[in-house]
Amino acid sequence: EYILSCVLEKQIVNMDGIRLTCVPGGIELSMHDFIVRRRLTEVKSLLLEDQLTIEEVAQNCGFKSDIALYKTFKRIYSITPGQFKKMNTMKIEEQ
C-alpha cells in the first residue's frame, strides 16, 4: 500500500534492504516500521469486520500476542484497538 501510493504519486521508491524511502516528501521508514504499519492496516480492516477476537486478529496479522498488538497499536495510533473498533462501529451505524 505504501509503495503503491508512492508510485501513484509519481515518487521514487528506494528499497536498499535497510531503509524504505519515498521521495519527494522525505518519508523514510525502517523495514521493521514498514512491516508493522502494513500489519496494522490489516488489523484495522479485521477489527471492523467484528467477527474475530483481538487475540485472533493479533495471530492472523503476525503479532506474538494480543498484548503485543495492543501496545503497538496504541504506540502508533494513540488509541487502543478496542477504542478504534468502537469509534468506527459507531460511525458505520450512523450512516
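A. Summary view of the overall build of the chain. Regarding its fold elements, the chain presents 5 helices and 3 strands. Put simply, the chain runs from its N terminus to its C terminus through helices and strands in the order α-β-β-β-α-α-α-α. Out of the 95 residues belonging to the chain, those deemed buried represent 28%. Carbon and sulfur atoms make up 55% of the accessible area of the chain, which totals about 6,700 Å².

B. Representation of the confidence of the model for the chain within the structure. Looking at the chain, the pLDDT average stands at 75 and 61% of residues meet or exceed 70. Ranking the elements of the chain by mean pLDDT puts strand β1 (residues 12–15) last, at 44, and helix α4 (residues 66–77) first, at 94. Confidence drops under pLDDT 50 across residues 1–19; counting only partners more than four residues distant or on other chains, this segment forms 32 contacts.

C. Region of interest: the nonpolar core. Within the largest apolar cluster, 13 residues are counted, with the highest numbers of intra-cluster contacts made by Leu40, Val43, Val57, Phe63, Leu69 and Phe73. Looking at this core, the elements with two or more residues in it are α2 (31–49), α3 (54–60) and α4. Sorting elements by how many residues they give to this core places α2 first, with 5 residues.

D. Broad picture of the packing of aromatic side chains. In the structure shown here, the tally under the stated rule is 2 aromatic pairs. Each ring, one from phenylalanine 73 and one from phenylalanine 84, has its centre 5.7 Å from the other, and the planes form 65 degrees; the classification is edge-to-face. Highlighted residues: phenylalanine 73 in helix α4 and phenylalanine 84 in helix α5 (residues 81–94), separated in sequence by 11 residues. Accessibility expressed as a relative area gives 0% for phenylalanine 73, which makes it buried.

Rules behind the numbers
- Residues numbered from 1 in each chain as written.
- Predicted model: local features only at pLDDT ≥ 70, side-chain atom pairs only at ≥ 80, totals over all residues.
- Heavy atoms only, no water.
- Helix = DSSP H or I, 4+ residues; strand = E, 2+ residues; numbered from the N terminus.
- Buried < 20%, exposed > 50% of the residue type's maximum accessible area, 1.4 Å probe, protein only.
- Areas by Shrake-Rupley, 256 points an atom, 1.4 Å probe, with all protein chains shown as cover.
- pLDDT = per-residue confidence, 0-100.
- Contact = heavy atoms within 4.5 Å.
- Core = buried A, V, L, I, M, F, W, Y, C linked by side-chain atoms within 4.5 Å.
- Phe/Tyr/Trp six-rings, centres within 6.5 Å; stacked < 30°, edge-to-face > 60°.

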